[in-house]
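Okay, here's what each chain looks like letter by letter:
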Amino acid sequence: MTDGPDERMRRWRLVLGEAGVAMTLDSVDARVDAALGALYDSDSGGGGVEQGFLRRQAGFGASAPRVARWLGDIRTCFPVSVVQVMQKDAIERLGLTRLLLEPEMLEAVEPDVHLVGTLLSLNRVMPEQARESARGVVRTVTRDLERRLSQRTRSAVTGALNRASRTNRPRRPADIDWDRTIRANLRNYLPEHRTVVPERLVGYARKQQAVARDVILCLDQSGSMASSVVYAGVFGAVLASIRSLRTSVVAFDTSVADLTGQLSDPVDVLFGTQLGGGTDINQAVAYCQRLITRPAASIFILISDLFEGGNRNQMLRRIADMTAAGAQVIVLLALSDDGAPGYDHDNAAALAGLGVTAFACTPDAFPDLMAAAIERRDLQAWIAAQGLHTAAPLP
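Figured I'd write up the structure that's included with this text. On a predicted model such as this, the values are computed, not experimentally measured, just so you know. (Residues numbered from 1 in each chain as written. Predicted model: local features only at pLDDT ≥ 70, side-chain atom pairs only at ≥ 80, totals over all residues. Heavy atoms only, no water.)

**Description of helix H13 (residues 345–353)**
Next, step 1: Along H13, the positions that sit buried rather than exposed are Asn347, Ala348, Leu351 and Ala352. Down the axis, H13 shows its buried residues gathered within 145° of arc, on one side only. Along H13, the residues that are exposed and aim more than 90 degrees away from the buried face are Asp346 and Gly353.
Next, step 2: In this fold, the buried residues of H13 make contact with helix H12 (312–325), strand E9 (328–335) and strand E10 (358–361).
Next, step 3: The distance from a side-chain oxygen at the start of H13 to the backbone nitrogen of Asp346 is 3.0 Å, and the residue carrying that oxygen is Asp344. (Buried < 20%, exposed > 50% of the residue type's maximum accessible area, 1.4 Å probe, protein only. Helix = DSSP H or I, 4+ residues; strand = E, 2+ residues; numbered from the N terminus. Arc of directions from axis to C-beta. Contact = heavy atoms within 4.5 Å. Polar contact = N/O pair within 3.5 Å; in protein donor to acceptor, adjacent residues only side chain to side chain.)

Next comes the structure, spelled out in structure tokens:
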């Protein structure tokens, strides 16, 4: 399609609506315009909440068929990525949330991470007839995430476990860690030959027979953490499938739920959460502290925006005790693609003072984060190299 004056005018017409540009639309564009107007004209008193498909005063039941048609229209008119954005906007702007409790609505939506987060927040009030439809939506999303993330996670983690386990008798040349071998044999340098004669080889172990690391994921269930909970549930299930790791998943609000027994199915993990409650980080950290039996081999990952409703001083003291005992503590303000998160700056700064940097991590970066943690690399240098959002300047 050429980018001439008519085409530019058409685009402006679809962006601004009828009130912004006077232009006749063909039947296809008219359908696109109607779908956009039903959602984004609501603030102008036009065809949105007052006169559109989600008139609150008229009752949600009568609006459901119109919403279903609208969902069908946007899936026809727009690519999947745009459909997901429009669904998220509809949930936030027009009260679509309550309609998601109806099975026919769930069958019409385009599954994505944000929708799963919304469904999980409705878990406690969802009628039984909608629950199976909701589980189907959640399963579709988790399978897609597992397909996209699992292989890379397993590869990064198992590779890191092998590299973290050193041997003085590498079996093959490819197993030799040349950097460490050269450093270990510098005293055997022969100037006349400009070479090092290695008396001792340092290599990578090829296989882990026993549990090498204990990983504890501690998930904040507050409403703002919905996307992070979805991704963490999937990663928890993937990590649990790696036999060299002992993985625990704990979710919390003002109470604590240990979901480790459900890790064989990420859908069960996610439906075991209760999004939207209060927050008692200290209580959750206390529970996880009891799970740490081998501090030097333990990685504790707290995924939270750090808005503490419990005892802040005790929470900080417990994390300080974990690090002093030798456990590796990682605090993720978010595990999502949603951009810079909101978080408690004072608690983040206090953690930085303990040597624990709080930062936001994207799902794509998480496998490499786990590899860096397993190898005990300098995480602050790794965070800086990745360009991730940190809560405070690196100490």
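Still more to cover.
**Things to note about the environment of Asp144**
Next, step 1: Within the secondary structure, Asp144 sits in helix H7 (residues 128–164).
Next, step 2: A relative accessible area of 37% means that Asp144 is categorised as partly exposed.

**Regarding the pattern of salt bridges**
Next, step 1: According to the stated counting rule, one finds 16 salt bridges in the structure shown.
Next, step 2: The residue Asp73 makes a salt bridge to Arg31 at a minimum N-O spacing of 2.8 Å. Taken as a pair, Asp73 in helix H3 (residues 60–77) and Arg31 in helix H2 (residues 27–40) lie far apart in primary sequence, 42 residues in all.
Next, step 3: Residue classification places Asp73 among the partly exposed residues on the basis of a relative accessible area of 24%.
Next, step 4: Residue Arg31 is classed as partly exposed on the basis of its relative accessible area of 37%.
Next, step 5: A salt bridge links Asp179 to Arg183, with the shortest nitrogen-to-oxygen separation between them at 3.2 Å. Of this pair, Asp179 and Arg183 both sit in helix H8 (residues 178–184), four residues apart, roughly one helical turn.
Next, step 6: Of the residues examined, Asp179 reaches a relative accessible area of 46% and is grouped as partly exposed.
Next, step 7: According to the relative accessible area criterion, Arg183 is exposed, its value standing at 59%. (Salt bridge = Lys/Arg side-chain N within 4 Å of Asp/Glu carboxyl O.)

**What about the packing of H2 against helix H4 (residues 80–93)?**
Each pair of packed helices gets described by two things: the angle between the helix axes and the distance between those axes.
Next, step 1: The geometry of H2 relative to H4 is characterised by a closest axis approach of 10 Å and an angle of 35° between their N-to-C directions. On the side of H2, the interface is formed by Ala35, Leu36, Leu39 and Tyr40, while H4 contributes Met86, Asp89, Ala90 and Arg93.
Next, step 2: Here the contact of H2 with H4 is built from residues that sort into six nonpolar, no polar and two charged. (Axes fitted to C-alpha atoms, helices over the stretch in contact; angles between N-to-C directions. Nonpolar A, V, L, I, M, F, W, Y, C, P; charged D, E, K, R; others polar.)

**Some points on the sheet that holds strand E8 (residues 298–303)**
Next, step 1: Here we have six strands laid out as an open sheet, ordered E7-E6-E5-E8-E9-E10, and mixed in their pairing. Unpaired on one side and paired on the other, strand E7 (256–258) and E10 mark the two borders of the sheet. Across the sheet, the mean angle separating the axes of adjacent strands is 25° when strand polarity is ignored.
Next, step 2: Pairing analysis gives three bridges linking strand E6 (residues 245–252) to E7, with the strands arranged antiparallel. Paired with Phe252 across the two strands is Val256, which belongs to E7. (Pairing = 2+ DSSP bridges.)

**Re the packing of helix H6 (residues 113–121) against helix H9 (residues 226–240)**
Next, step 1: Relative orientation of the contacting elements H6 and H9 amounts to 100°, with a least axis distance of 8 Å. Our classification of the angle between H6 and H9 gives roughly perpendicular. Contacts from Val113, His114, Val116, Gly117 and Leu120 of H6 reach H9 at Ala226, Ser227, Val230 and Tyr231.
Next, step 2: Broken down by class, the residue content of the contact of H6 with H9 amounts to six nonpolar, three polar and no charged. (Parallel < 35°, antiparallel > 145°, perpendicular 65-115°, else oblique.)

**Let's talk about the pairing of E9**
Next, step 1: Among the eight residues of E9, eight are classified as buried, and the element is accordingly described as predominantly covered.
Next, step 2: Note: E8 against E9, five bridges, orientation parallel. By the bridge assignment, Phe300 is partnered in E9 with Val329.
Next, step 3: What joins E8 to E9 is H12, and the crossover it makes is right-handed. (Right-handed = clockwise from strand over helix to strand, strands pointing away.)

**Observations concerning the pairing of E6**
Next, step 1: With seven of eight residues buried, E6 is to be regarded as a mostly interior element.
Next, step 2: Pairing analysis gives eight bridges linking strand E5 (residues 213–220) to E6, with the strands arranged parallel. By the bridge assignment, Cys218 is partnered in E6 with Val250.
Next, step 3: Taken together, E5, H9 and E6 form a β-α-β motif whose crossover is right-handed.

**Notes on unusual backbone geometry**
Next, step 1: Of note, Arg194 is a non-glycine position whose phi angle comes to about 50°, a positive value.
Next, step 2: With a phi close to 60°, Arg376 is a non-glycine residue in the positive phi region.
Next, step 3: Relative to the assigned elements, Arg376 resides in the loop between helix H14 (366–374) and helix H15 (379–386).

**Observations concerning the environment of Arg93**
Next, step 1: Inspection of the secondary structure puts Arg93 in helix H4.
Next, step 2: In this structure Arg93 comes out as partly exposed when scored by relative accessible area, which is 30%.

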